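As a plain string of letters, each chain reads:
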Amino acid sequence: MPAASEPAYKEPGERQVRRAILLLWGDRFAFVAALYLLIVIFFALFGPWLLGDMATALNLRLRNAPPGSIDLGWEFILGADALGRSILARLIVASRNTMGIAAAAVALAMLCGGTLGLIAGYAGKWPGTIIMRLADILMSFPSLLLALLVLFVFEPGVKNVMIVLAITRIPIYLRTTRAEVLEIRERMFVTAARAMGAGSIRIVVRHVIPIVAPTLITIAAIDFAFVMLAESALSFLGVGIQPPEFTWGAMVALGRNYLGSAWWLAFWPGLAIMSTTLALNLLSNWARTATDPTQRWRLEVTDKQNG
Amino acid sequence: MGQYLGRRALHGLVSLIGLLVLVFFLARLTGDPTNLFLPLDASLEARQEFAERHGFTDPLLTQFGRYVGDLARLDFGISIRQQRPAMDAALEAFPTTLKLAAVTMTLAIGLALVVGALAAYRPGGLFDRTANVISLAGASAPDFWVAIVGILLFAVTLRWLPTSGTGTWLHWIMPIAVLLIRPFGLLVQVVRGTMIGALSSAYVKTARAKGVKERAIIFVHALRNSTLPVITVAGDQAAAIVNGAVIVETIFGWPGIGKLMIDSIIQRDFAIVQATVLLTAVAIFSMNIVIDVAYAVLDPRIRHN
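Described below are features of the structure shown in this document. Remember, predicted model here, so these are calculated numbers, not experimental data. (Residues numbered from 1 in each chain as written. Chains lettered and ligands numbered in written order. Predicted model: local features only at pLDDT ≥ 70, side-chain atom pairs only at ≥ 80, totals over all residues. Heavy atoms only, no water.)

**A closer look at the overall build of chain A**
Okay, step 1: Tallying secondary structure elements over chain A gives 12 helices and 0 strands in all.
Okay, step 2: The order of helices and strands in chain A, counted from the N terminus, is α-α-α-α-α-α-α-α-α-α-α-α.
Okay, step 3: Judged by the C-alpha coordinates and their principal axes, chain A covers about 75 × 60 × 30 Å.
Okay, step 4: Accessible area of chain A: about 15,800 Å², with a carbon and sulfur share of 67%.
Okay, step 5: Separation between the mean location of the 26 positive side-chain charges and that of the 19 negative ones in chain A comes to 6 Å. (Helix = DSSP H or I, 4+ residues; strand = E, 2+ residues; numbered from the N terminus. Areas by Shrake-Rupley, 256 points an atom, 1.4 Å probe, with all protein chains shown as cover. Lys, Arg positive; Asp, Glu negative; His and termini not counted. Charge placed at Lys NZ, Arg CZ, Asp CG, Glu CD.)

**Brief notes about the overall build of chain B**
Okay, step 1: When its secondary structure is counted, chain B shows 14 helices and 2 strands.
Okay, step 2: The dimensions of chain B, computed from C-alpha atoms along their principal axes, are 85 × 60 × 25 Å.
Okay, step 3: By sequence separation, contacts in chain B at least 24 residues apart represent 73% of the contacts at least 6 residues apart.
Okay, step 4: Accessible surface, chain B: about 14,800 Å² in total, of which carbon and sulfur atoms supply 66%. (Contact = heavy atoms within 4.5 Å.)

**Thoughts on the pattern of salt bridges**
All names here are of chain B.
Okay, step 1: Inspection of every chain in the model, using the stated rule, returns 7 salt bridges over all chains.
Okay, step 2: Here aspartate 128 makes a salt bridge to arginine 192, at a shortest N to O gap of 2.5 Å. Residue aspartate 128 is found in helix H6 (residues 126-140), and its partner arginine 192 is found in helix H8 (residues 170-199); the two are separated by 64 residues along the sequence.
Okay, step 3: The salt bridge partner of aspartate 263 is lysine 259, with a shortest N-O separation of 3.2 Å. (Salt bridge = Lys/Arg side-chain N within 4 Å of Asp/Glu carboxyl O.)

**Digging into a nonpolar patch on the surface**
Residue and element names in this part refer to chain A.
Okay, step 1: A contiguous nonpolar surface patch, about 870 Å² in accessible area, is contributed by Leu35, Leu38, Ile41, Phe42, Leu45, Phe46, Trp49 and Leu50.
Okay, step 2: Mapped onto the fold, isoleucine 41 is located in helix H2 (residues 28-56).
Okay, step 3: Looking at isoleucine 41, the relative accessible area reads 42%, which means it is partly exposed. (Patch = residues over 30% accessible without salt bridge, like charges linked within 9 Å, V, L, I, M, F, W, Y side chains within 5 Å. Buried < 20%, exposed > 50% of the residue type's maximum accessible area, 1.4 Å probe, protein only.)

**Some points on the interface of chain A and chain B**
Okay, step 1: Counting from both sides, the interface comprises 39 residues of chain A and, opposite them, 45 residues of chain B.
Okay, step 2: Of the roughly 3,900 Å² buried at the junction of chain A and chain B (both faces included), carbon and sulfur atoms supply 80%.
Okay, step 3: On the surface where chain A and chain B come into contact, there are 0 salt bridges.
Okay, step 4: Applying the counting rule to chain A against chain B returns 7 residue pairs in polar contact (both at pLDDT 80 or more).
Okay, step 5: Those elements giving two or more residues to the side of chain A that touches chain B turn out to be helix H4 (125-139), helix H5 (143-153), helix H8 (200-237), helix H9 (248-256) and helix H10 (264-291) of chain A.
Okay, step 6: Sort the elements by how many residues they give to the side of chain A that touches chain B and H10 of chain A lands first, with 11 residues.
Okay, step 7: Per-class residue counts for the side of chain A that touches chain B are 26 nonpolar, 9 polar and 4 charged. (Buried area = accessible area lost by both parts, 1.4 Å probe. Polar contact = N/O pair within 3.5 Å; in protein donor to acceptor, adjacent residues only side chain to side chain. Nonpolar A, V, L, I, M, F, W, Y, C, P; charged D, E, K, R; others polar.)

**Quick word on the environment of glycine 114 of chain A**
All names here are of chain A.
Okay, step 1: When you line up the elements, glycine 114 lands in helix H3 (residues 87-122).
Okay, step 2: A residue is classified by how much of its surface remains accessible, and glycine 114, at 6% relative accessible area, is buried.
Okay, step 3: Other than its neighbours up to four places away in sequence, glycine 114 contacts Ala109, Tyr173, Thr177 and Leu216.

**A short note on the environment of serine 140 of chain B**
Okay, step 1: Tracing the backbone through its elements, the reader meets serine 140 of chain B in helix H6.
Okay, step 2: By relative accessible area, serine 140 of chain B is classed as buried at 0%.
Okay, step 3: Sequence spacing of serine 140 of chain B and leucine 10 of chain B is 130 residues, and the spatial spacing of their C-alpha atoms is 35 Å.
Okay, step 4: Here the side chain of serine 140 of chain B touches asparagine 281 of chain A through a polar contact of 2.9 Å, side chain to side chain.

**Side note on helix H5 (residues 86-121) of chain B**
Okay, step 1: When the terminal C-alpha atoms of H5 of chain B are compared, their 51 Å separation across 36 residues agrees well with the 52 Å that a helix rising 1.5 Å per residue should span.
Okay, step 2: Where H5 of chain B bends most, the angle comes to about 30 degrees, and this point is phenylalanine 94 of chain B, followed within four residues by the proline proline 95 of chain B. (Expected span 1.5 Å × (residues − 1). Bend = angle between axes of the 7 residues up to and from the residue.)

**Description of the packing of aromatic side chains**
Okay, step 1: Throughout the structure, instances matching the rule amount to 12 aromatic pairs over all chains.
Okay, step 2: A ring pair is formed by tryptophan 172 of chain B and tryptophan 254 of chain B, whose centres lie 5.0 Å apart and whose planes are at 85 degrees; its orientation type is edge-to-face. Placement of the pair is tryptophan 172 of chain B in helix H8 and tryptophan 254 of chain B in the loop between helix H11 (227-252) and helix H12 (257-266), with a sequence separation of 82 residues.
Okay, step 3: Among the aromatic side chains, those forming a connected cluster through ring pairs are Trp263, Trp264, Phe267 and Trp268 of chain A together with Trp145 of chain B.
Okay, step 4: It is arginine 90 of chain A that lies over the ring of phenylalanine 246 of chain A; its NZ or CZ is 4.0 Å from the centre. (Phe/Tyr/Trp six-rings, centres within 6.5 Å; stacked < 30°, edge-to-face > 60°. Lys NZ or Arg CZ within 6 Å of the ring centre and 35° of its normal.)

**Section: the packing of H5 of chain B against helix H10 (residues 214-225) of chain B**
Residue and element names in this part refer to chain B.
Okay, step 1: The geometry of H5 relative to H10 is characterised by a closest axis approach of 11 Å and an angle of 115 degrees between their N-to-C directions. Judged by the angle between their axes, H5 and H10 are roughly perpendicular. By crossing handedness, the relation of H5 to H10 is classed as right-handed. Taking contact as the criterion, the partners of Leu113, Ala117 and Tyr121 in H5 are, on H10, Glu214, Ile218, Phe219 and Leu223.
Okay, step 2: Grouping the amino acids of the contact of H5 with H10 by side-chain chemistry returns 6 nonpolar, no polar and 1 charged. (Axes fitted to C-alpha atoms, helices over the stretch in contact; angles between N-to-C directions. Parallel < 35°, antiparallel > 145°, perpendicular 65-115°, else oblique. Left-handed = near helix turned anticlockwise from the far one by under 90°.)

Function cannot be inferred from these measures alone, as they are strictly geometric.
This is the structure in structure tokens:
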């Protein structure tokens, strides 16, 4: 696990940002991925506000209108769905649910997993053992099936999908946190703090959390793509997001019924899912190289030197 | 080593039991199957009689006690939908999924080792960059969408492959290809990452200085030291392939355990849900033990502790 450690020397913030951008420029794929993600984030924040009406406006004369022409208006460049709604507008509006659910689930999993991991690592043998065995149960079974079972019990919907996805991801954060805590609590500065009379809570807050947090955030960034795929799969199987709410996964599920006659209904939302997860993976790959001192030079060589 | 394996097996057994308890109560919470099985106009007495005959009226704990007692006698309950022992239905579907998973994982590991090792040989080179982007795209692709696009392209448009069902070897191509993509992508990433580290290590430099052939350096010296992380990820992916099997079997209409599980969850066929969960969990549990043994055999640090 590459711990995001402090740089040996402190640079002024502005120079650090410039350096990061230069390193990003060193990997063109990652650069494009970053730009793409910025656009997706913009749409997730402002899309529903800008295009909310357009995404729900029915136009039965345009049912399953094919993509590739702007004769019907720019919003129909990707075609229209079975009710004549603009697919482009729906893609943009759905980005909020898709990204929002994944972000909330990851944040929830990180918080719960981190807290439980701190307890498991710090509170002694018995609580630790019980927590770890519970995590083992969650880990020992395919997450999608567990989510399926739970979502048949509780009504599927935005909130429950979020919670279920978070639960299936908790073990990852829990295990990482516990492993780090077990290591940190043996370090000299913790012993010193305890010798000077610091209580458990103070040690955890002041000395343990600042070291664990960067690692967890790194994992969360990578996990985000996975959670997004899981939500799409659940929505595709019909136990995820329910109408009138929709995500990219739910759009693919709807389009599946028109596969023979109107391929664009299922194609574009799937492409949106794939390009977003791909962009996230490219970016996290870049970050791994950029934070690894033995590999960073690969990004610093310019194209000319590279041949 | 025996102690290490024993401890691992015990942990696995505890999670297995925990999982069964969890699934029992979750399944009971999904609602009363009575209303799903009897016609809408069934009388109240008929409903009552049905529920009592299948024991749905007893308190949950009584039902649970009965379930545990039956389990101890290897009686996994009768499927009310199919009117036969639930384990029979599960065991009938299991080989299909097992075959699918075995072929997929063998192909994924084999391909990933070759592609990852070759990519790591010249990091930043053309082959590496191509392999990197393709494997990342594979790890990012939503399997249900790949399946749909595959059907659209190869079955509907080109008519080369059947859309769904089983029978000829042609039916295997698309399900395996769809299942293969994610494990392959992730494994290439892992192999490439560990190989880049291994190839710049001191022992590889030593081997080069001794004049060992390049092929031997890649596939013997470096690759052998990268097997442990590969085994870990491959194990995770083999368990996760059940996730993919649910999707693939649903889309391609394969009579495997994933489809059986989804169908029985929807139909509230508790006995089958529990039997399939038990079977899947036992399969994953056994696989984890095999992986632990492989670890102990391959890694001297574990063997000697």
